[in-house]
Structure formats: structure tokens, C-alpha cells
Amino acid sequence: MAEDKAVRESRGSAVSHPGLQRSWTAMFVRTAGLRVAVLPISALCALTTAGLTVHYAGVLAFGFITLVAQLQLALPFADLGMGAAVARATARADGSTQARQGLRALIRRTALVLLAVGLLGAAAAALSGIYGFWSSVFDVPETLAPEVDLVMSLVLGVFFLSLPLGLAERVLVGRDRSDVLVLLGLLPSVGNLLAVFTLGQLGVPVAWLALGLPLSTLSFLGVCGYLAFLHPRIGIRGIPAPAPQPEDHTAAELLDPAGPAEPLESRRRRRALAESTSIRVILFGGLPVLLATAGMVLSEQHGRLLLAAAASPLELSQYAIALQLYMPIYSVFYMAATVLWPRFAVDPSPELWRRANLMLTGLGVGAAVGYIVFARPVAGLVTGGSLVPSWGVVLGLGAALAAQAAHLTQVNLFTDRSGFWRQAAMSLCLLAFVVPGTLLGIRLGLGAAAPGLSMAVGVVIAQVIPGLLMASRMLREPETPSSSPSPSGHCAALSGHGAADSGHGADPSGHGAAASAPDSDSFDLTSAPVSAQQPVTLER
């Protein structure tokens, strides 16, 4: 009986772990292929939107409008790093009752925390607009100041209030459905284009053109929410339920009017679940993710902020159009690389790590060459020749593209708490490098080329080299006794490999094996073998 039970658990676990069913290369190619297929549509929408914005608002106002519309891209860490735990827990959910209950409790309580954060953020954004904070900080021309203050507050308000819906993306990543996210990624681009065209034709003040992107992003999150939480197969409802087990009660328990008593072990697991998904543990577990994400995103978005404060409007606009060409290309690599996350979460294979690094680095270099060659003529084409970035701008961003692609494998390998602490250190070092580097470049006369060049050098020094060294050392370390394969076969994937739990966090969070203190090394909802009947927990 015990052997049959282990076999059933192993089969259920294999079904619920998509990373063990599908070849990573097939999913990588599929996700990248879909992204490449939709990229022309997405890029055409983005470039057409840029051209319409220049047409309706003018070259000098284009940079400020783009800054307002995309300011939310600099604040994804407003989720306090808690979305990562949801993605990793979803990837490792094995279909057992305790894993399903733990995952639902984690999602529910995380959403409540994010709702509270969103309400506070929206209130702060509104007050900042009322007192003219935005226009004073970014030195907006006086003619745009009132509209920019109002519209920026609205943009950030929509962003903050939609924070709970952002968990839907994490669930889809954990369920190995990055391909679905790629297809849905058309919604913001198409929606933004339609909104800018409509608002421009209506003759509204030019700052209101920035509202198209946040509103279309909200529709994207709504569709993601349906697929992640309501769809019968794609989201968490697609995690198979365990086979019903016969309950063994004594005759006295069956005759008791109050019904059979709850088993002691069941009560202990329920208490452990409540403790491990408490608000305190969720917040503490998200700290390294918050630091890693904040450092990385601020590093990526620092160029527009510093150019808005220390350079001319023309230089800001040049950098903005070059970055608008850069982001669709980088998104191909970023989305394709997310197929590595659920696989590394279950089994951090050295062979997979080596192949992924070689593939992403090679493709990144090739894409960088293409960007350098075609960015200037494409920018001139969509703006009618009125806004063409300099060679320094495209060379810097091209080098940054290759460097960031080379780091994406480590981003999806380091997804437990200790790994996110490593990522936090690398990201904060990068931020400490690029900000003074860009300011120095602006002082030396590099202008709009300074952010890209600073980013390229910083990523190599602060992330690519140390990330490769740490990952190589981590994957060479022998597994600890707690992470050795369990007798039940596939449950070994759930038992918490030392390499996976010691390393990483690119996107969200860290997890570990069984119940423990909040300051433990790692945390995970489902890393203990099902057959061991360990309490579901966020920590190891």
C-alpha cells in the first residue's frame, strides 16, 4: 500500500510539474518564436504610437510624454517582491491537498497585502499631483506642468490599484505558460496605439496621450487574471486534485453525533499552514526580492530620469526613441528565458544551465548587431527624419542588450531567498555604478549616449561576471542530505535541491523545504516530499 501511494503521488506530481513534461528547448523556441511572430505587430504599434505622439505633441514634448506613460515600468518592485513566491510556489505545486491549500492561502494573503500597498501608493500619487511635485522634479515646461501633474498621478494611481492583478502573471509563469503571456502582450501595444490616436484626434491636451499605456495594461492584467484564476486548465485550477484516500475511523468515532474527530496531524498541518503564510512571513520573504527588483529596474530606467533632470529635451527624446526600439527586442529574450524558471525551481541542472547560457549569450550578441545596424534608419523612418538617435546611443544600448541577454539564465536560476539576496547585491551594485557613470558621461558631453554605455559596462562588471561565478560554484556543490532524492521517485523534485535553494532570484522569491523560522535560508510552499506529510511552509 505504501508503495502504491508513493507511485500515485509521483504520477500526480509529474502531471502538475509542466517543466518535467516539456522539453525546455521546445518551450524556449516556442515562446521566442511566438514573441518574434508578434514582435512586428507590437513594434509597429509602438513605433506608430511614437510617430503619432511626435505628430500630436511635437519633438520636445515626446520625451516627457513617454516618461509619464512608462513611469510605471520603474515601479514593479511596488509589489514588495511578493509575486516571486507565488511564481515559484505555483511551479513546485504537486497537486497534493496541502500544496493546493498552501498556494491558495499564499495568493489570497499576498493579494490583500498588495491591495493595501496599492491604496497607499495611489493616495501618495494623488497628493503628489495636487501639490505639483511631478512637474517640479522633472523640470517640465510650464505649458505642460498642470497636465503632467494630473496625468502622472492618474497613471500611477491605475498602476498601484492594479498591483493585486499582477499576481496573475506570476501564476502563469509558474504554470509554464509564458507563451500565453507573449500572445497577451499584444494587448497593451494595440490598446495604446488606439488610445493615442483617439485622444489625438479629439484634440485633448498633449499630456493626456500618456494615459493609453496604463489603461491598456490594465486590460492585459484583467485577461491574465481570468486565465490564472478562473480558467479550468491554464491556471491554478489546472493543477490536478489528489486521488481521494479512504478515511479510517473507529466505530466509536462513526457513532459519535459530533462526527469523527479531526486527526492530530491534520490540525498540526493546518496550524503550520496558517503560520507559514502569515503576513509577517510573506513580507519578510519578499525583502530580498524587493531589493533585487528595485535595483535592477531603477538601473534599467535610470537613463530617462537622469536625462530629464540633467540634459536637454532633445537628448531625452533621442534616448526615448532608441529605448523604444530596444525594449521589444529585449522582451524576446526575457520572455523566452522565463521557461527556465519552473525547470530550475524543480531541478537546477548544470547541463541545462550551460546550454541556456550559451544560447542566450549567442542570440544576444546577434540581436545587438542587428539593433546597431537598423535602429537609426528605423527611428528616422517612423519620425519622418525629425528624431534620429546618435551612433553613441545605439552602440551603448546595443552593448547593453548583449550584456543583459548573457545574464538572463542566472536571473531565472536564482529564484529562492538566498539567490535573491545574491541578486539584490548584484542589482544594487549595478545601480551604484550606472547612476554616477551616466552623470559623469553627461558632464563629459556624451549626452543621450551616456545611459546606454554606462549600463553596458555596469551589467558586465556587476552582474554577468559575478553571476556566472556564483552559479558555477553553486551547481558544483554537492547536494545536502535534506535535498537528496526521496524514495518516492518524482517527489525528489519537490524535496528542495541544495543548488536550487541556495541560489537565485530574478524575478520573484525564494523558497525552501519544511517548517522553520522566518530568518531561515530559503522558503517554499511545496519543497517537502508529499509522502513525508511535512507542513506546507514558505521557509526551510
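Everything below is about the structure printed above this text.
Cut-offs and rules
Note on numbering: residues in each chain are counted from 1, in written sequence order. Reporting in this predicted model follows two pLDDT cut-offs: at least 70 for local features of residues, and 80 or more for side-chain atom pairs to be given and counted; totals over whole chains, interfaces and linings ignore these cut-offs and use all residues. Hydrogens and water molecules were not included; the side-chain quantities draw on all heavy atoms of the structure. Lining residues are those with an atom within 4 Å of a point, where the points come from a 1 Å grid over the protein atoms alone and group into cavities, where a 1.4 Å probe fits but cannot get out, or pockets, open sets with protein on both sides within 12 Å along at least five of seven lines. Grid points are joined across faces, edges and corners, and a volume is the space filled by probe spheres set on the points. Secondary structure follows DSSP: runs of H or I at least 4 residues long count as helices, runs of E at least 2 residues long count as strands, and numbering of each begins at the N terminus. A 1.4 Å probe rolled over the protein chains alone gives each residue an accessible area, and that area as a share of the maximum for its type sets the label: buried under 20%, exposed over 50%, partly exposed in between. Two N or O atoms form a polar contact when they lie within 3.5 Å of each other; inside protein one atom must be a possible hydrogen donor and the other a possible acceptor, and for residues adjacent in sequence the pair counts only when both atoms belong to side chains. Here a Phe, Tyr or Trp ring, Trp counted by its six-membered ring, pairs with any other such ring whose centre lies within 6.5 Å, and the pair is stacked when the planes are under 30 degrees apart, edge-to-face when over 60, and tilted otherwise. In the sections that follow, a salt bridge refers to a side-chain nitrogen of Lys or Arg positioned within 4 Å of a carboxyl oxygen of Asp or Glu. To get an axis, fit a line to the C-alpha atoms, keeping to the stretch in contact for a helix; angles then go from 0 to 180 degrees between the N-to-C directions. Throughout this description, any angle smaller than 35 degrees is read as roughly parallel, any larger than 145 degrees as roughly antiparallel, any in the 65 to 115 degree range as roughly perpendicular, and the remainder as oblique. Note on convention: near helix rotated counterclockwise from far helix by under a right angle means a left-handed crossing. Clockwise means right-handed. Contact definition: two residues touch when any of their heavy atoms are within 4.5 Å. Note on patches: the residues involved have over 30% relative accessible area and no salt bridge, like charges join within 9 Å, and the nonpolar side chains Val, Leu, Ile, Met, Phe, Trp and Tyr join within 5 Å. The Shrake-Rupley method, run with a 1.4 Å probe sphere, supplies the accessible areas, and residue values consider only the shown protein chains as cover. Classes in brief: Ala, Val, Leu, Ile, Met, Phe, Trp, Tyr, Cys and Pro nonpolar; Asp, Glu, Lys and Arg charged; the others, Gly included, polar. The definition of a nonpolar core used throughout is a set of buried Ala, Val, Leu, Ile, Met, Phe, Trp, Tyr and Cys residues joined through side-chain atoms within 4.5 Å.

Here the focus is empty space enclosed by the protein. Under the definition given, this model contains eight cavities of 30 Å³ or more. Contributing to the lining of the second largest cavity are 14 residues, with Thr49, Thr53, Thr66, Ala69 and Asn192 lying nearest its centre. Contributions of two or more residues to the lining of the second largest cavity are made by helix 2 (24-57), helix 3 (59-69) and helix 10 (186-202). When residues in the lining of the second largest cavity are grouped by element, the largest group, four residues, is from helix 3.

Moving on to the layout of surface pockets. One water molecule sets the probe size; rolling that probe over the atoms shows where empty space is left. Space inside the second largest pocket adds up to approximately 480 Å³. Along the wall of the second largest pocket there are 22 residues; nearest its centre are Leu39, Leu325, Pro328, Ile329 and Val332. Elements with a minimum of two residues in the lining of the second largest pocket: helix 2, helix 16 (313-337) and helix 18 (350-382). With eight residues, helix 2 is the largest single contributor of residues to the lining of the second largest pocket.

Relative to the elements of secondary structure, Asn412 occurs in helix 19 (residues 391-413). The class of Asn412 is buried, set by a relative accessible area of 3%. A polar atom in the side chain of Asn412 sits 3.0 Å from the backbone oxygen of Leu408.

Moving on: the packing of aromatic side chains. One pass over the full model with this rule turns up four aromatic pairs. Ring centres 6.1 Å apart and planes at 20° place the aromatic pair Tyr326 and Tyr330 in the stacked group. Taken as a pair, Tyr326 and Tyr330 lie in helix 16 at a separation of four residues, close to a single helical turn. By the burial criterion, Tyr326 is buried, and Tyr330 matches it. Measuring from centroid to centroid gives 6.2 Å for Tyr326 and Tyr371, while their planes differ by 90°, and the two rings are edge-to-face. Placement of Tyr326 in helix 16 and of Tyr371 in helix 18 is noted, with a sequence separation of 45 residues between them. Taken together, the ring pairs in this structure connect Tyr326, Tyr330, Tyr334 and Tyr371 into an aromatic cluster.

Moving on, we come to the pattern of salt bridges. Side chains bearing opposite charge may pair, as long as their charged atoms lie close to each other. Overall, the coordinates contain three salt bridges when judged by the stated rule. For Arg177, the salt bridge is made with Asp179, and the minimal N-O distance between the two is 3.3 Å. With a relative accessible area of 2%, Asp179 lands in the buried category.

Looking now at unusual backbone geometry. What is expected of a backbone is that most residues other than glycine have negative phi and most peptide bonds are trans. Phi is positive for Asp176, which is not a glycine, with a value near 60°. With respect to the helices and strands, the residue Asp176 is situated in the loop between helix 8 (167-174) and helix 9 (178-184). Accessibility expressed as a relative area gives 0% for Asp176, which makes it buried.

On to the packing of helix 2 against helix 3, then. At a minimum axis separation of 8 Å, helix 2 and helix 3 run at an interaxial angle of 125°. Judged by the inter-axis angle, helix 2 sits oblique to helix 3. The way helix 2 lies across helix 3 gives a crossing that is right-handed. On helix 3, the residues that touch Ala50, Thr53, Val54 and Ala57 of helix 2 are Val59, Ala61, Phe62 and Ile65.

Further remarks concern helix 3. Counting buried residues along helix 3, nine of its eleven residues qualify, which places the element largely inside the surrounding structure. For helix 3, the elements touching its buried residues are helix 2, helix 7 (145-161), helix 11 (212-229), helix 15 (287-310) and helix 16.

Moving on to a nonpolar patch on the surface. On the surface, Phe433, Val457, Val460, Ile461, Ile465 and Leu469 cluster together to form a nonpolar patch covering roughly 520 Å² of accessible area. Looking at the element boundaries, Ile461 is found in helix 21 (residues 450-476). Judged by relative accessible area, which is 51%, Ile461 ranks as exposed.

Examined against the element boundaries, Trp134 turns out to sit in helix 6 (residues 133-137). Linking Trp134 and Pro146, residues twelve residues apart in sequence, is a C-alpha distance of 9.5 Å. Excluding residues that lie within four positions of it along the chain, Trp134 makes contacts with Ala125, Ser128, Gly129, Asp149, Met152, Ser153 and Leu156.

Next up on the list: the packing of helix 18 against helix 21. Where helix 18 contacts helix 21, the two axes come as close as 10 Å, and the packing angle between them is 160°. Classified by the angle their axes make, helix 18 and helix 21 are roughly antiparallel. The handedness of the crossing between helix 18 and helix 21 comes out as left-handed. Taking contact as the criterion, the partners of Pro350, Trp353 and Asn357 in helix 18 are, on helix 21, Leu468, Ala471, Ser472 and Leu475. Tallied by class, the residues present in the contact of helix 18 with helix 21 amount to five nonpolar, two polar and no charged.

Turning next to the nonpolar core. Judged by nonpolar contacts, the single largest core of 128 residues is most densely connected at Tyr326, Tyr371 and Leu397. Of the residues forming this core, the biggest block, 14 residues, is contributed by helix 16. The contact partners of Tyr371, leaving out residues within four places of it in the chain, are Ala322, Leu325, Tyr326, Ile329, Val394, Leu397, Gly398 and Leu401. Ranked by size, the runner-up nonpolar core spans five residues in total, among them Ala84, Ala292, Phe420 and Ala424.

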